[in-house]
Amino acid sequence: MMTSFKGIIRWAFLCSAVAGAPYAFADCKPAHQFETITPGVLTVAAWVFPPYSIPGPDNQTSGVDGEIIKRVAAKECLKIKSTVVDPAAVIQSVIAKRADVAIGDWYRTAERNKVLGLSAPLYLDVMGIISPQGYSRISELEGKRVGTVQGYLWVDDLKKVLGDNLILYPNPVAMAQDLASNRIQAGADSFAVGIASQQKGAYQGHSIKVSEPDPRVKATLEPGQTSFPYTKSNTALGLALSENIQALHRSGEIAEILASFGLDQKAADVGAPRLLE
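It should be emphasised that the depicted structure is a prediction, and the values quoted were computed from it without experimental measurement. (Residues numbered from 1 in each chain as written. Predicted model: local features only at pLDDT ≥ 70, side-chain atom pairs only at ≥ 80, totals over all residues. Heavy atoms only, no water.)

### What about the overall build of the chain?
Here comes step 1: On a plain count of helices and strands, the chain comes out with 9 helices and 15 strands.
Here comes step 2: Taking 19 Å as the expected radius of gyration for a compact globule of 277 residues, we find that the chain reaches 19 Å, a close match to that expectation.
Here comes step 3: Principal axes of the C-alpha set define a box for the chain whose edges measure 65 × 35 × 30 Å.
Here comes step 4: Classification of the 277 residues of the chain by burial places 52% in the buried group. (Helix = DSSP H or I, 4+ residues; strand = E, 2+ residues; numbered from the N terminus. Rg over C-alpha atoms; globule rule 2.2 N^0.38 Å. Buried < 20%, exposed > 50% of the residue type's maximum accessible area, 1.4 Å probe, protein only.)

Shown next as structure tokens:
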């Protein structure tokens, strides 16, 4: 699969390399017809959020979302131009039409759907529990100081369960530091983000377990579906994104991409599209 993927990328690059021509060769035929901010280019707003979004120099991008969007662009004979911004600016870049699409583990929510188009689901983002003891149940966290990162689906529900024992952090790094110094006894984070951090040396001596279902925390019952947000008025782009994503699911490529970053392939079993309220 990797060899053929490299071939596709090389083919897509050649198709778009001639100056002034979005599609340089007659045999480079995009799967769909739609407009982008710059003809022949898919402008992507990204932020640094391994393992989902890993921008690099010279418009290189990787991570789960990065690899998926590269395959979508190849199917449409488009070059990718990545714009790396702060997390808070990613969505605004798409709304303001400075970028065609955003990457980086963005949930399909009803609120977000009011101002953005949301592609077909990419994968599920499940909640993980990080602890030296290997906790996997919400009940095991009660009575303990627990950290989590702002912005996740489970934050409000965990507040109700844990009360003042829940400590909010602006990012996973700050939470990991407090967990390492025993200022908190456990952490709740995206399972994938926790695994990626552990692969880079964080959470030594800790286990990361997918949280078992608990009716008090809805995200453990119904994990968030992620998507590529795009400019809401560009419905043709949205159709192309969704149909390409669905094709990548059918071929098993999204599951393979997840596995390549050490994640569970079952996260590709997204089910029917839904919006989180």
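Right, picking up where we left off after that structure.
### Some remarks on the domain arrangement of the chain
Frequently, the measure chosen for interface size is the accessible area that the parts lose on association.
Here comes step 1: Entries for the chain in the domain assignment read domain 1 (41-124 + 224-268) and domain 2 (127-220).
Here comes step 2: Computed over C-alpha atoms, the centres of domain 1 and domain 2 are 26 Å apart.
Here comes step 3: If you look at the interface, domain 1 gives 9 residues, while domain 2 gives 11 residues.
Here comes step 4: Summed over both sides, the interface between domain 1 and domain 2 buries roughly 790 Å², with carbon and sulfur atoms accounting for 68% of that surface.
Here comes step 5: Among the residues of domain 1 in contact with domain 2, Phe 49, Pro 50 and Tyr 107 are the three that bury the most area, contributing 45% of the side total.
Here comes step 6: Taken together, domain 1 and domain 2 are joined by 0 salt bridges.
Here comes step 7: Inspection of the region where domain 1 meets domain 2 yields 1 residue pair in polar contact (both at pLDDT 80 or more).
Here comes step 8: Broken down by class, the residue content of the side of domain 1 that touches domain 2 amounts to 7 nonpolar, 2 polar and no charged. (Domains from an automatic or database assignment. Contact = heavy atoms within 4.5 Å. Buried area = accessible area lost by both parts, 1.4 Å probe. Salt bridge = Lys/Arg side-chain N within 4 Å of Asp/Glu carboxyl O. Polar contact = N/O pair within 3.5 Å; in protein donor to acceptor, adjacent residues only side chain to side chain. Nonpolar A, V, L, I, M, F, W, Y, C, P; charged D, E, K, R; others polar.)

### Some thoughts on the side chain of Ser 242
Here comes step 1: Relative to the assigned elements, Ser 242 resides in helix α8 (residues 235-251).
Here comes step 2: Leaving out residues up to four positions away in the same chain, Ser 242 has contacts with Ser 119 and Ala 120.

### Section: the nonpolar core
Here comes step 1: Grouped together as the largest cluster of nonpolar side chains are 76 residues, with contacts concentrated most on Val 64, Ile 68, Ile 69, Trp 154, Leu 158 and Phe 228.
Here comes step 2: Both domains that furnish three or more residues to this core are identified here as domain 1 (41-124 + 224-268) and domain 2 (127-220).
Here comes step 3: Ignoring sequence-local partners within four residues, the contact set of Phe 228 consists of Asp 65, Ile 68, Ile 69, Val 101, Ala 102, Ile 103, Gly 117, Leu 118, Ser 119, Leu 122, Leu 241 and Ile 245. (Core = buried A, V, L, I, M, F, W, Y, C linked by side-chain atoms within 4.5 Å.)

### Quick notes on the packing of aromatic side chains
Here comes step 1: A full pass over the atoms with the stated rule returns 5 aromatic pairs.
Here comes step 2: The interplanar angle of 5 degrees and the centroid separation of 5.1 Å between the aromatic rings of Tyr 52 and Tyr 123 together place this pair among those described as stacked. With Tyr 52 in the loop between β1 (41-46) and β2 (54-55) and Tyr 123 in the loop between β7 (116-118) and β8 (124-125), the pair connects residues that are 71 residues apart, well separated along the chain. Of the two residues, Tyr 52 and Tyr 123, both sit in the buried class.
Here comes step 3: Ring centres 4.4 Å apart and planes at 15 degrees place the aromatic pair Tyr 152 and Trp 154 in the stacked group. Neither residue differs from the other here; Tyr 152 and Trp 154 are each classed as buried. (Phe/Tyr/Trp six-rings, centres within 6.5 Å; stacked < 30°, edge-to-face > 60°.)

### Some points on the environment of Val 161
Here comes step 1: Within the secondary structure, Val 161 sits in helix α5 (residues 155-162).
Here comes step 2: Note: C-alpha distance between Val 161 and Gly 56 (105 residues apart in sequence) is 40 Å.

### Let's talk about the sheet that holds strand β6 (residues 106-107)
Here comes step 1: A sheet is described by the order of its strands in space; here 3 strands give the open sequence β6-β14-β8, paired in antiparallel fashion. In this open sheet, the two edge strands, each paired with only one partner strand, are β6 and β8.
Here comes step 2: Pairing analysis gives 2 bridges linking β8 to strand β14 (residues 224-227), with the strands arranged antiparallel. Opposite Asp 125, over in β14, you have Gly 224 as the bridge partner. (Pairing = 2+ DSSP bridges.)

### Things to note about unusual backbone geometry
Here comes step 1: In this chain, Pro 50 is followed by Pro 51 through a cis amide linkage whose omega measures 0 degrees.
Here comes step 2: Of note, Lys 97 is a non-glycine position whose phi angle comes to about 65 degrees, a positive value.
Here comes step 3: Of note, Lys 97 is situated in the loop between α3 (87-95) and β5 (101-102).
Here comes step 4: In this structure, Tyr 203 takes a positive phi of about 60 degrees despite not being glycine.
Here comes step 5: Checked against the element boundaries, Tyr 203 lands in the loop between α7 (191-199) and β13 (207-210).

### Observations regarding the sheet that holds strand β10 (residues 146-149)
Here comes step 1: Here we have 5 strands laid out as an open sheet, ordered β11-β10-β12-β9-β13, and mixed in their pairing. The sheet is open, and its two borders are formed by β11 (166-169) and β13, each paired with just one other strand. Neighbour to neighbour, the strand axes of the sheet diverge by 25 degrees on average, direction disregarded.
Here comes step 2: Where β10 lies against strand β12 (residues 186-190), 3 bridges are found, and the strand directions are parallel. By the bridge assignment, Thr 148 is partnered in β12 with Ala 188.
Here comes step 3: Its contacts with the sheet place α5 against β9 (127-131), β10, β11 and β12, and it is angled at close to 150 degrees to β11. (Axes fitted to C-alpha atoms, helices over the stretch in contact; angles between N-to-C directions.)

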